[in-house]
Every structure is written in C-alpha cells, then in structure tokens.
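# Geometric and topological summary
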Amino acid sequence: MVVKNCLLLCPVFVSAVSHSQITRLYSRFTSLDKGENGTLSREDFQRIPELAINPLGDRIINAFFPEGEDQVNFRGFMRTLAHFRPIEDNEKNKNPPTSEPLNSRTNKLLFAFRLYDLDRDDKISRDELLQVLRMMVGVNISDEQLGSIADRTIQEADTNGDNSISFSEFIKADDQRHERTWKHRLDTHIVTYVTAGVTNAGSTGTR
Amino acid sequence: QQQQQPRALCSSSSSSSSSSSSSSGLDLVLNMASPDASGINRTRGNRTLTPEEEEDSQQHHNNTKAFPVLSFNFEHVRKPFEISLWILLALLMKLGFHLIPRVSHIVPESCLLIVVGLLVGGVIKALDSDASDTNSSVPVLNTKLFFLYLLPPIILDAGYFLPIRHFTENLGTILMFAVVGTLWNAFFIGGMMYGVCQIEAAQLGDVDLLSCLLFGSIISAVDPVAVLAVFEEIHINELLYILVFGESLLNDAVTVVLYHLFEEFSHAGTVTITDAFLGVICFFVVSLGGVMIGLIYGIVGAFTSRFTLHSRVIEPLFVFLYSYMAYLSAEVFHLSGIMSLIACGVAMRPYVEANISHKSYTTIKYFMKMWSSVSETLIFIFLGVSTVAGPHVWNWTFVIFTVILCLVSRVLGVVGLTFIINKFRIVKLTKKDQFIVAYGGLRGAIAFSLGFLLTDTHMKTMFLTAIITVIFFTVFVQGMTIRPLVELLAVKKKKETKRSINEEIHTQFLDHLLTGIEDVCGHYGHHHWKDKLNRFNKTYVKKCLISGERSTEPQLISFYNKMELRQAMMLVESGSLAVLPSLTSMQNIQPRDTVKQRVIPSISKRREEEIRKMLRSNLQKTRQRLRSYSRHDLMMDPFEEDLSEVKFRKQRVEMGRRMSHYLTVPANRQETQIPHLRKVNFEPEHQVFTYDDGKGDGGSSAPTNPSPPLVIRHLNETNQVNSPGGGNDAEDPHGGEEQPRLARFLSDPGPKEEEEEHLGGCLNCSVSSFVY
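The rules behind each value
- Residues numbered from 1 in each chain as written.
- Chains lettered and ligands numbered in written order.
- Predicted model: local features only at pLDDT ≥ 70, side-chain atom pairs only at ≥ 80, totals over all residues.
- Heavy atoms only, no water.
- Helix = DSSP H or I, 4+ residues; strand = E, 2+ residues; numbered from the N terminus.
- Buried < 20%, exposed > 50% of the residue type's maximum accessible area, 1.4 Å probe, protein only.
- Contact = heavy atoms within 4.5 Å.
- Areas by Shrake-Rupley, 256 points an atom, 1.4 Å probe, with all protein chains shown as cover.
- UniProt positions renumbered as here; feature names shortened; annotations may be inferred.
- Phe/Tyr/Trp six-rings, centres within 6.5 Å; stacked < 30°, edge-to-face > 60°.
- Lys NZ or Arg CZ within 6 Å of the ring centre and 35° of its normal.
- Expected span 1.5 Å × (residues − 1).
- Salt bridge = Lys/Arg side-chain N within 4 Å of Asp/Glu carboxyl O.
- Axes fitted to C-alpha atoms, helices over the stretch in contact; angles between N-to-C directions.
- Parallel < 35°, antiparallel > 145°, perpendicular 65-115°, else oblique.
- Left-handed = near helix turned anticlockwise from the far one by under 90°.
- Nonpolar A, V, L, I, M, F, W, Y, C, P; charged D, E, K, R; others polar.
- Patch = residues over 30% accessible without salt bridge, like charges linked within 9 Å, V, L, I, M, F, W, Y side chains within 5 Å.
- Core = buried A, V, L, I, M, F, W, Y, C linked by side-chain atoms within 4.5 Å.
- pLDDT = per-residue confidence, 0-100.

### Brief notes about the overall build of chain A
Scanning chain A from terminus to terminus reveals 13 helices and 4 strands. Taking all 207 residues of chain A together, the buried fraction comes to 52%. Look at the contacts in chain A between residues 6 or more apart in sequence, and 61% of them connect residues 24 or more apart. Of the roughly 9,600 Å² that chain A leaves accessible, carbon and sulfur atoms contribute 50%.

Okay, here's the thing in structure tokens:
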C-alpha cells in the first residue's frame, strides 16, 4: 500500500509540524462537512465560493472522489491533497524501491493529466482538450478559433501521430521545454507534510 | 573667412561632413546666399540652420561688402557635435568588439568598454596637458547626466521586459536580499571600515563613523547596469538571473534613503532615535511612493494608448514619455525613480501591448534595446574616462579593506539570508545558487555617481578612489571569472526555447488547479490572491484600458494570436516559402487537408492552376508596397484589426455589395493602385464604412474617392482571413482554410468577365498579404 510505504520511508515527517498541518486540514475538513458524518459529498465542495467560480472547479472536485463514489472521508481527502506536497531533498536521495510516493513528479503529472483525460483512456483527445479550453477561455470565442488552438496544441505535443496526447507525450512536451515550470509549479505550501497526514490518517483508518 | 566658387564649396561641404566624424572636430557652417538653389538645398540637408543663424548671416550681409561664402563657427555646434562623437565612438567600439570573437567571448563587453574609456581619457589628458594645466576639459561621468539621461533607458528596458512571472514568484526572496541584504551590507561595511580607520598606522583618524556609514551605504548596493551587462552574456537560468537582477533593481530605495539619511547626519553630526525612526518611515515612503507614482503613470499611459488607433506612428513615444515622466516625477520628491520606472513599465505593458499595433510594439522593443545599449556603453566608457580624469587619493589600507569587506559582507549576507529564506521557499536555493548570487553582486556606476555627489573634501576623493577600485574589481575580476565558474560548477543555464502553446495552456490549467486546491484547503496563498487580481483585472481594468474587442479577449487567445503572428513574421524574414515545412504547423496541416477536400470538392484542377498562377504573379507586389514611403504611416498592418469570425462575415457581405456597385459603374481602375493605400489611413474610419452605395452616383463623384474604400475593404478582408491560418495557407492555397473562401469567391454570381477580373485582384491582394 502506497501510504504504508510512505510511512516507512519518511519517518522524519511524523513530527510536530506535520501534526499542526494535519490538524489544520482536519479542522478545514470538518468545517466543510456540513452533514457531520465524517465524509464530504460533492455538494460540500461546491459550497466553497471560490471553487464555484473556478473554471476547473468541477474537475477538481471530481478528483477527490474515487470512481463511482459520492463520499470521501478524511483519508481520501488527504490522499488527494498529498499529490501537492513538495518533493523534499532528502526524499529524492532515498530512491524508493517499491513504489513511488504520491508526490513524486510522475504522480503529480499524472494527477494533472487525469484532469484532462475524462474518459480515462490515457490519451487527451481533441475533444477533451477543447472542453478544457472552453472552460478556461469562456464563451465568447468561436468554435473554429478554439479548434485551431486545440489542433495546434496537439500537433505540438503529438509525436506518434495518433492525433491525441498520451501521458508520455504530455510529460515529454513539458520536459523538454519547461522542466522548471512543471517540476515546481505543482508544489504548494499549504500541503507541505501532507503525506505524513495521509500516513497518519491511513494508520488510524486501518486500526 | 574663405571665399570659393559655389561648386567647389558644395563638394567640400559634403566631403567634410562625411569625414569630419572620424577625423578632427572640424565643422563647417555654411552661410550661403548664392543663387545656386541646389547648393542651398544641399547645405541645408547637411546642417540645419537655426533662425538666429540665418539672421546672423543676413546682418553679415548688410555690414560687410564682401559676402563670406564660407565661414567657420565650431563653437556653435560644439555641444551636440561632441555628444554625437561620443556616442559614435561608443557604438563603433561596441561594433568592433564583436568583430573579434575570441576576445568578446572571454572578456565581458563592460570590461572592454572601461578599458576604452581609460585609453580615451588618457589621450585627452595627454593632449590637454600640453595646452593648459587644468584638467577640467576632460569629461567625467556627470551625476546629473547619469541620473537624468543615461540611467532611465536601461531601467526602463529592464522594467518593461521584466519576466513578471518569475519576479512575482520570487518576490519575497528578492525583497529580502534587496532590503535586508543591502542594509546588512551597508552597516557591516560601514562599521568595519570605522574599525579599520581607527588603526593608527593607516592615518585615517579623521574619518568618523557617519562618514564610514555613508561610504558603506554607497558601496553596498548591487548595480543593475553592471549586473545586466554581465548576466546578459552568461545566459544563466531565470531563477538566478531574476534573484540578482531583481535585487539590484529593488535595492534602489534602500540606497536612496540610507544615502540621504547619512549625508544629512554627517552634516549635522548627531543621530537621535527619532531620526532613525523617521529613516524607517522614509524608506516606506520612498519605495511605496515611487511605486505609486509609477503605477499612476502606467495606468494613464495604458489609458492613452487606448485612443491611438488613428495615429499609430506616435504610439511608441507615449510609452517612453510616460515612463520618463514617471521617473522624473519620482525624482522630484526624492522618491525612488528606479522603482517608479519599473512599476510604470510593468503596469503599462500588458494593456499597451493589447492596444498598439504590432509594428509599434516592434518599434518600442527596438528603441528600448537601442537606447539602453547606447546608455550602457556610454556609462562604461565614461567610467573609464572619469577614472583617468579625477583626482585620486590612494590609501592602501582603505582600498584593500574596502574590497575585502565588500566580498566578505556579500558572502555572509547571502548565506545568512538564504538560510532564513530557504525555510519558506519551495524551491530551495542550493549552495551553487548561493555562490552565484553572492558572486554576481557587482558594483557599478550608480555607486560612483553617488560618491561623486558628495561634498568636496579630501575624504571624497579617497572614497571615490575606493569606490572606483571596487567597481573595477567586481567588473573585471568577478565579471570575467563568472562565466568559467558557471561552466565549472555546471550551473543550469537558460534554455533558449520559445513559449509554446502547450506550455501556456498547461500553465493556466495548473494555476486554476492550484487555486482550486488552495481554496479546498482554506489557505489563502500566492495563487489565491493572484487569481483574485486576475479576476479584478479581467472584469474592470481591462475594460477601461483596452479598446475594442481585445478587452474581452482571453489571455490564451491573445497568446495564440501572437504566436501565429510571430510565425508569420518569421516566414517573411526568411524570405522564401521553402522554409515553411520546418514549422510545426506545416507538417501537420496535411492530414486536415484531406478532410477539407472532401467537404468542398467544387474547385476544379483548372481553377487551382489559375489561382496558383495568380499567386505566383502577384507575390512580388507586397514587397514593393513595403518599400514605398510615407511620412505618417507605415504599411497597413494586416494583423491589427480584431479577427472575430462574425465581423469577417459581415464585412465580406458588405464588400460584395460595394464591389457589385463599383463594377456596374465605370470606376477608374487605375486608381486602386498602391499610393492610395496609405492615404486611406488618414480618413476617419466611419467615413470609409458609411459610404452610401444607394446613391449610385459613383460616376459623378470624383474617381479617386470611391476607390480607397474598396482597397481598404480588401485589406481588411485579408486581415480577417489571415489570422487563424497564419502562414500555413500561403504554400498551399487550394487546401486548408483558404479553400472555402476561394470557393465562395469563385461561385459568386455577378457580371462574369469584370467580376472575375476584379475578384482576381481581390484575391491577389488577400493572398499576397498572406505571405506578408
């Protein structure tokens, strides 16, 4: 189990700092939980005003829910957020042998990729890209123009000529050009030490 | 006074003016009233005569009997002439360095320029000492000249093209280095220097603590000009670049305050707690006040650019003038002019760029680069000249300790501050980074100019000598070794890549994602506030400051348009269509062609051939058009108008109507020739649009009148089509997006023969502008 491995690999993070972080996130979790049943529903998320105006709001909310489920508990909540924990230097050196932690670069990118890839066929098709573009630019742009942008984007990244962007192309496109941009942009401060939170939540959950 | 025959005169005047720049300072002012009109024109072309001068010559004419055909008056033009000579010298030097590739690779340009300055200063001094003993005629880096004329272009260039994203993301670190680091440097150097001065053997007993602190505050600031000159050449990665460069820009406020504070105190002699407290307040006033003034001018500038649609040629000037005004206004109140200038540039840029034409944008870019590079060159040359010119007091102890303390305090400051900063940073600064940041702390002309402003004492000359030594040490030793060190340490270099559409989309995507995640976590961080600001910008500010439909244009779309435009420009510059396939868009346009062909099968092979022929025969014409001259406007910019599809359709319908009107009335077709294209620009737009074809008196109205609207229509038409496809369609006129349009044109009902011909012309027009 991914969470367990993390626990084993990074004992450093079970510290006072991580506890305060977890506490903060837990209190956030409970304040979002209007039903007070220990889980969050989609409506709970949609009640966040900023998220409601976020063009990607719905997709972000969906990312919290495992397929086919309507509820997410604190553990699942933290698991999603754990993707955003920055990569620590001392973690890099340890080179996890069994499985990658959730906040590894590949997993971060995979998380972003999944937000594009709605049908989960591991490809971003033209339609999927168009949907994302439409969400981001709003309604006052003609379909043709947006289509040409989408075409251009796919052309740029597509190397095997299947007219869609696969995950490897997705990584490569950014790898070559903007290593820095990608590597660090997915890190946010808020979720520092969240993996520790996941491990804790995980262990309490299994107990 | 010499008298010569007019013809000989003309030849002598032209030859002398061409050779005078390189040889002596000989200058001829010709007061000539000979009947030879061409001679007059010639002289006026070379030298513009001021009214006084002409009056002068008239009086001359009245008083003396023999009319002076040739007179000599160098004093009259001395100043501008000397300035031009200096600039010319600087530019020739710059040119020369790049002709010797090996030298320019090892030694930074700034070093070479200083050396040139030293040589020139030496020559002037040697020549001058023969004539008179005073060294006043050797030009020095005048403080007023420096701060009012030489510095602003460099800062404006830096501020306008500041990589804003990197800057804001690292703002905390930059501010930390700029404010705390500079304060630390100033006080550490000042304090330690006072300690050094207490040493008996150094004979520096007369230097008091406040003077030392004043000296420390002058010498502590990292100089943007020097940093730019060196860092531009070593192509270091963006993070390090923005850290060092951002620091050098933002420490201006600290330097200004500290300088004024200590200067005041060193006159008064005492410092109280209140003074120190006022100093802190002063710092906030100076920095924030400067930023405020800059923002105000920036917003006003953006607002002005909203209305420049009909006078495109003066657009660039607005940018320069508002920025310069911001700088001067800040200097009026002794606020930080540098911060004001940067704030102005940063605030103005996104809106101005949306408003102005692409040509104006290019002009702005080139002028800024040109001015800043001229200024930079002059600054370094003058630095060298002033070194030779000025009096020096060389005190070994003082100079050596200054250099050592500068290095030590910089290293300590950077290491100490990084230790604190790294606790808050996501991307930690590594040891290598710290080293480069510390090593990149170059001092430069700002320190020298501030030192020059001090009141004249023995101490001033000693300080100036020390300052010059530090500048030379940092620029020569550090500037020359930083490139090998960067390579030795394998510091990540900047990757020379253009921004791709993928990056733009994913970056925006991630921004939204991270904002969303922060919101879920209930954390109001960097992304949250940025998102708020963006929203505010989109809903209110853009509407006010950007004219037309561009105000509602999403960032992604404008980015895409810009990218397409750039590619089209590359096409033009490369000059041949053969280069096309190397572009990504060309490679991939083929699959879509097949789809289009299925949709519109109505073009026969014969038609295709015809169209191709038209294209081929008319491609040349654009070139000719570009060359034609107009004082007020350049070639109409094919990308200026907004590109929305709706507008395009509407205009095509309108054009069709107008065209049928013209074709029924015998309009003089010769009139649709090139010269009118430019004239049309002056006519108010509405006049062009509201041309009433219901009147049907096209024959009676002047034949020149109806043709311009037609032409402008054509051009507009092409503008619309040009944008989405970019340069793609030029090579492949029968495929891609061109095809439906052609089909429509060719299937248009109407007077067969004439229509065909006219459409041909129209097509030529549109197609040729593709290539453009």
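### Here's the deal with the UniProt feature "domain: EF-hand" (unreviewed entry) in chain A
Here the UniProt-annotated "domain: EF-hand" (unreviewed entry) positions come out as residues 20-55, 104-139 and 145-180 of chain A. The span residues 20-55 of chain A shows a helical share of 64% and a strand share of 6%, and its end C-alpha atoms are spaced 31 Å apart.

### Overview of the packing of aromatic side chains
If you walk through the whole model with that rule in mind, you get 29 aromatic pairs over all chains. Taken together, a centroid distance of 6.3 Å and an interplanar angle of 35° make the contact between Phe45(A) and Phe77(A) tilted. Here Phe45(A), found in helix 3 (residues 42-46), pairs with Phe77(A), found in helix 6 (residues 74-81); they are 32 residues apart in sequence, far enough to count as distant. Per residue, the accessibility class of Phe45(A) equals that of Phe77(A), and both read buried. Site record: aromatic cluster; members linked through ring pairs are Tyr26(A), Phe29(A), Phe45(A), Phe64(A), Phe65(A), Phe74(A) and Phe77(A). One cation-aromatic arrangement involves Lys423(B) over Phe419(B); the distance from NZ or CZ to the ring centre is 4.7 Å.

### Here we look at helix 4 (residues 78-99) of chain B
In a regular helix each residue adds 1.5 Å, so 22 residues correspond to 32 Å; helix 4 of chain B covers 31 Å between its end C-alpha atoms and thus fits that length. Listed as buried for helix 4 of chain B are Phe81(B), Trp86(B), Ala90(B), Lys94(B) and Phe97(B).

### A word on the pattern of salt bridges
Residues and elements named next belong to chain B. Tallying each qualifying case throughout the model produces 10 salt bridges over all chains. We note a salt bridge from Lys369 to Asp157, for which the minimum N-O separation is 3.2 Å. In this pair, Lys369 sits in helix 16 (residues 358-389) while Asp157 sits in helix 7 (residues 143-160), placing the two residues 212 residues apart along the sequence. According to the relative accessible area criterion, Asp157 is buried, its value standing at 9%.

### Re the packing of helix 7 of chain B against helix 15 (residues 337-355) of chain B
Residues and elements named next belong to chain B. Following both chains from N to C, one finds helix 7 and helix 15 inclined at 45°, their axes separated by 8 Å at the closest point. The orientation of helix 7 relative to helix 15 falls into the category oblique. Pair helix 7 / helix 15 crosses with right-handed handedness. Residues Leu151, Pro152, Ile155, Leu156, Gly159 and Tyr160 of helix 7 form the contact with helix 15, whose participating residues are Ile338, Leu341, Ile342, Gly345, Val346, Arg349, Val352 and Glu353. When the residues that make up the contact of helix 7 with helix 15 are grouped by side-chain class, the tally is 10 nonpolar, 2 polar and 2 charged.

### Concerning unusual backbone geometry
One non-glycine residue with positive phi stands out, namely His235(B), at about 50°. Residue classification places His235(B) among the partly exposed residues on the basis of a relative accessible area of 39%.

### Structural notes on a nonpolar patch on the surface
All names here are of chain B. Together, Trp184, Trp394, Trp396, Ile400, Ile404, Val408 and Leu412 make up a nonpolar patch on the protein surface, roughly 700 Å² of accessible area in all. Per-element tally for the nonpolar patch: the top contributor is helix 17 (residues 396-421), with 5 residues. Secondary-structure assignment places Ile400 in helix 17. Overall, the relative accessible area of 40% leaves Ile400 in the partly exposed class.

### Side note on the nonpolar core
In terms of nonpolar packing, the biggest core is built from 128 residues, with Phe146(B), Leu151(B) and Ile236(B) touching the most fellow members. In terms of residue count, the dominant contributor to this core is helix 12 (residues 238-268) of chain B (18 residues).

### Looking at the side chain of Lys94(B)
By the secondary structure assignment, Lys94(B) is in helix 4. With sequence-adjacent residues up to four places away left out, Lys94(B) is seen in contact with Glu109(B), Ser373(B), Glu376(B) and Thr377(B).

### Side note on the environment of Ser305(B)
Residues and elements named next belong to chain B. With respect to the secondary-structure elements, Ser305 resides in helix 13 (residues 273-305). A residue is classified by how much of its surface remains accessible, and Ser305, at 5% relative accessible area, is buried. C-alpha separation for the pair Ser305 and Ile546, spaced 241 residues apart in sequence, amounts to 8.1 Å. Contact partners of Ser305, with chain neighbours within four places excluded, come to Tyr351, Val352, Asn355 and Ile356.

### Overview of the confidence of the model for chain A
Residues and elements named next belong to chain A. Across chain A, pLDDT averages 66, with 63% of residues at or above 70. The weakest mean pLDDT in chain A belongs to helix 1 (residues 2-9) at 33; the strongest belongs to helix 9 (residues 126-137) at 81. Scored below 50 in pLDDT, residues 91-98 shows 13 contacts in the model against residues more than four places distant or in partner chains. Segment residues 187-207: pLDDT under 50, and 62 contacts once partners within four positions in sequence are set aside and those in other chains are kept.

### Quick word on the packing of helix 7 of chain B against helix 19 (residues 445-453) of chain B
The N-to-C vectors of helix 7 of chain B and helix 19 of chain B enclose an angle of 145°; their axes lie 9 Å apart at closest approach. Counting all contacts with helix 7 of chain B, which are made through Thr143(B), Phe146(B), Phe147(B) and Leu151(B), the residues of helix 19 of chain B involved are Ala445(B), Ile446(B), Ser449(B), Leu450(B), Phe452(B) and Leu453(B).

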